[in-house]
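Structural description and commentary
What follows is the residue order along each chain.
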Amino acid sequence: MAQDDDTPQERLARLVLLLRSQGVTEPAVLNAIESTPRDLFTPDLFRERSWEDSALPIACGQTISQPFIVGLMTQALNLKPRSRVLEIGTGSGYQTTILSKLARLVYTVERYRTLMSEAEARFRTLGLTNIITRFGDGGEGWREQAPFDRIMVTAAAPDEPTALLAQLKPSGILVAPVGRGPVQSLKRYTGDGAGGITVEELTEVRFVPLLDGVAKEL
Ligand code: SAH
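Quantities reported herein were computed from a predicted structural model and do not represent experimental measurements.

Conventions adopted
Residues numbered from 1 in each chain as written. Predicted model: local features only at pLDDT ≥ 70, side-chain atom pairs only at ≥ 80, totals over all residues. Heavy atoms only, no water. Pairing = 2+ DSSP bridges. Helix = DSSP H or I, 4+ residues; strand = E, 2+ residues; numbered from the N terminus. Right-handed = clockwise from strand over helix to strand, strands pointing away. Buried < 20%, exposed > 50% of the residue type's maximum accessible area, 1.4 Å probe, protein only. Arc of directions from axis to C-beta. Contact = heavy atoms within 4.5 Å. Axes fitted to C-alpha atoms, helices over the stretch in contact; angles between N-to-C directions. Parallel < 35°, antiparallel > 145°, perpendicular 65-115°, else oblique. Left-handed = near helix turned anticlockwise from the far one by under 90°. Nonpolar A, V, L, I, M, F, W, Y, C, P; charged D, E, K, R; others polar. Phe/Tyr/Trp six-rings, centres within 6.5 Å; stacked < 30°, edge-to-face > 60°. Near = heavy atom within 4 Å. Polar contact = N/O pair within 3.5 Å; in protein donor to acceptor, adjacent residues only side chain to side chain. Salt bridge = Lys/Arg side-chain N within 4 Å of Asp/Glu carboxyl O.

**A closer look at the pairing of strand β5 (residues 131-135)**
Judged from the five bridges that link them, strand β4 (residues 105-110) and β5 form a sheet pairing that is parallel. Counted as the bridge partner of E110 is F135 from β5. For the crossover that starts at β4, traverses helix α5 (residues 113-125) and ends in the parallel β5, the hand is right-handed.

This is the structure in structure tokens:
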């Protein structure tokens, strides 16, 4: 059981054990999670719950993803040290940080200015220098930087993410929640290197929707 007087590092270590028991077994992914202080990414009101395996509210009505889902999606991406990754939906920047520890470069797009600048401040605090941010609508990807080795979408795409798949390298991997309802299907698209793509359904997930355009409010 979690003890209130445990240190953050002890609580994080226990979270990592839980994720491993649930199927996040890739050591590099677990190391990235264990070396990332999730409490830096959660609002004051929920800071005490930073080491629980649950999604939590952040500013702008969005959420920081559940650690198990972050682990599962990161593992599904099969990152290589040389990978250039596109992430859609920076949010708190937590998932971005995990990606940045496992890949060469991470390009991340967010449609709320407030979330983008708060995430940028966290990346500076953590000394992460391989993250390139952009305020904009990620639904169209990032044409100038395409193609990517890997793409991760952390908001639910209503339909198959065809515009993003077009920005994936022939042997690339894209992971995205797909669906219009409150529960979506987490899908992995793997290129065969010759123009073909296989699709797998990994599990059911609950993500906030991928919305069109940038947010007008801050
Ligand atoms: N990976 C994030 C989860 C953020 S929730 C984390 O670990 O904290 C999903 C994010 O996607 C939200 O911040 C939302 O504003 C953003 N989003 C939704 N539609 C988008 C779009 N079209 N372009 C860019 N970001 C988008």
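**Remarks on helix α2 (residues 27-34)**
Spacing of three or four residues puts side chains on the same side of an α-helix, whose turn is 3.6 residues. Of the positions making up α2, those classed as buried are V29, L30, A32 and I33. What you see down the axis of α2 is that its buried residues fit within an arc of 160 degrees, all on one side. Turned more than 90 degrees off the buried face of α2, the exposed positions are P27 and N31. Elements in contact with the buried residues of α2: α1 (8-21), α3 (67-76) and α4 (94-100).

**Considerations on the packing of α1 against α2**
Direction vectors running N to C along α1 and α2 enclose 155 degrees, while the axes themselves pass 9 Å from each other. By the angle between their axes, α1 is roughly antiparallel relative to α2. As α1 runs across α2, the sense of the crossing is right-handed. Here Q9, L12, A13, V16, L19 and R20 of α1 come into contact with α2, specifically with L30, I33 and E34. Of the residues assigned to the contact of α1 with α2, the class counts are six nonpolar, one polar and two charged.

**Overview of the packing of aromatic side chains**
For any two aromatic rings, the description comes down to two numbers: the centre-to-centre distance and the angle of the planes. Within the structure shown, the criterion is met by three aromatic pairs. Measuring from ring centre to ring centre gives 5.5 Å for F41 and Y94, while their planes differ by 70 degrees; the resulting arrangement is edge-to-face. Here F41 is found in the loop between α2 and β1 (56-57), whereas its partner Y94 is found in helix α4, with 53 residues between them in sequence. Y94 carries the same exposure label as F41, and that label is buried. On the numbers, 5.3 Å between centres and 80 degrees between planes, the contact of Y107 with W142 is edge-to-face. Placement of the pair is Y107 in strand β4 and W142 in the loop between β5 and β6 (148-153), with a sequence separation of 35 residues. In this structure, Y107 and W142 share a single accessibility class: buried. An aromatic cluster of at least three residues, connected via ring pairs, comprises Y107, W142 and F148.

**A few points about the site of the ligand**
Neighbouring residues of the ligand: 26 residues in total, closest S92, E110, D137, G138 and L211. Within the backbone of Q95, one N or O atom sits 3.3 Å away from an oxygen atom of the ligand. In the environment of the ligand, a nitrogen atom lies 2.7 Å from a nitrogen or oxygen atom belonging to the backbone of G138. Listing elements by their share of the shell around the ligand, those giving two or more residues are β2 (63-64), α4 and β4.

**Considering the sheet that holds strand β3 (residues 84-88)**
The seven strands lie next to each other as β5-β4-β3-β6-β7-β8-β9, forming an open sheet whose pairing is mixed. Looking at the sheet topology across the chains shown, the edges are occupied by β5 and β9 (197-205). Averaged over all pairs of adjacent strands, the angle between strand axes in this sheet comes to 15 degrees, irrespective of strand direction. Lying over the sheet, α3 contacts β6, β7 (168-178), β8 (184-191) and β9, oriented at roughly 160 degrees with respect to β7. Here α5 sits on the sheet in contact with β4 and β5, set at roughly 165 degrees to β5.

**Notes on the pattern of salt bridges**
In the structure shown here, the tally under the stated rule is ten salt bridges. A salt bridge links R49 to E52; its shortest N-O distance comes to 3.0 Å. Owing to a relative accessible area of 35%, E52 belongs among the partly exposed residues under this scheme.

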